[in-house]
Amino acid sequence: MQYRFLDKIITGIFVCMFTAAWFFTAKYYQRPKQYSIIVKDERGNQINLKEIRSSFQTQEVAYSFLREYEKSFPNYNFSIEYSLPNGKSKVMIQILKKL
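Here goes a summary of the coordinates provided. (Residues numbered from 1 in each chain as written. Predicted model: local features only at pLDDT ≥ 70, side-chain atom pairs only at ≥ 80, totals over all residues. Heavy atoms only, no water.)

**Examining the overall build of the chain**
Applicable threshold: Per the convention used, a helix needs a DSSP run of H or I reaching at least four residues, while a strand needs a run of E reaching at least two, with both numbered from the N terminus. By definition in these notes, contact holds between two residues if any of their heavy atoms fall within 4.5 Å.
For the chain, the count of helices and strands is two helices and five strands. Reading the chain from its N terminus to its C terminus gives the helix and strand order α-β-β-β-α-β-β. Taking the intrachain contacts of the chain between residues at least 6 apart in sequence as the baseline, contacts between residues at least 24 apart amount to 48%.

What follows is the structure, encoded as structure tokens:
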């Protein structure tokens, strides 16, 4: 009877240790709040086209517009840039144009 009680205590300690280890090693994922389409000409210089929408709230919409812009403007290269909510860093995703 004493061993059952001791077994439950040891199991509880291992569960608590595993939970604490998982809690302190898990990383929090921050979703980007803003997506922007960057336009570059054939030489690689960044340009602004007034005919396009360049700011989006979701990634799916940004990729959809990017694909449409690649069809409409074949002479330009497009990429998506997103920024994290804290604004510390910007990450650029290059979408390579198929030749």
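**As for the side chain of aspartate 41**
Which entries qualify depends on this criterion: Partly exposed residues are those whose accessible area sits between 20% and 50% of the maximum for their type, while under 20% is buried and over 50% is exposed, using a 1.4 Å probe and protein chains only. Just so you know, the count uses Lys and Arg for positive and Asp and Glu for negative, and it drops His and the chain ends. Here, a salt bridge means any side-chain nitrogen of Lys or Arg that lies within 4 Å of a carboxyl oxygen of Asp or Glu. In the analysis that follows, any N or O atom pair within 3.5 Å is treated as a polar contact, provided that within protein one partner can donate a hydrogen and the other can accept it, and provided that, for residues neighboring in sequence, both atoms belong to side chains.
Within the secondary structure, aspartate 41 sits in the loop between β1 (34-40) and β2 (46-47). Here aspartate 41 is buried and forms no salt bridge, its nearest opposite-charge partner arginine 43 lying at an N-O distance of 5.6 Å. In terms of polar contacts, aspartate 41 uses its side chain to reach the backbone amide nitrogen of asparagine 45, at 2.8 Å.

**Concerning the pairing of strand β4 (residues 77-83)**
What counts, and what does not: We call two strands paired when DSSP finds no fewer than two bridges between them.
With six of its seven residues buried, β4 lies for the most part within the structure. Sheet analysis places β1 next to β4, joined by seven bridges and oriented antiparallel. Paired with tyrosine 35 across the bridge in β4 is tyrosine 82.

**A short note on the environment of leucine 66**
Take leucine 66: it is sitting in helix α2 (residues 59-72). Taking the relative accessible area as the measure of exposure, leucine 66 reaches 2% and is therefore buried. It is 9.7 Å that separates the C-alpha atoms of leucine 66 and isoleucine 52, two residues lying 14 residues apart in sequence.

**Quick notes on α2**
As a reminder of what qualifies: Each residue after the first adds 1.5 Å to the expected span of a helix. The arc in question is the one traced by the directions running from the helix axis out to the C-beta atoms.
Taking 1.5 Å as the rise per residue, α2 with 14 residues should run 20 Å; its terminal C-alpha atoms sit 20 Å apart, in good agreement. Of the residues making up α2, those classed as buried are Ala62, Tyr63, Leu66 and Tyr69. For α2, the angular spread of buried residues about the axis comes to 125°, placing them on one side. Turned more than 90 degrees away from the buried face of α2, the exposed residues are Glu60 and Lys71.

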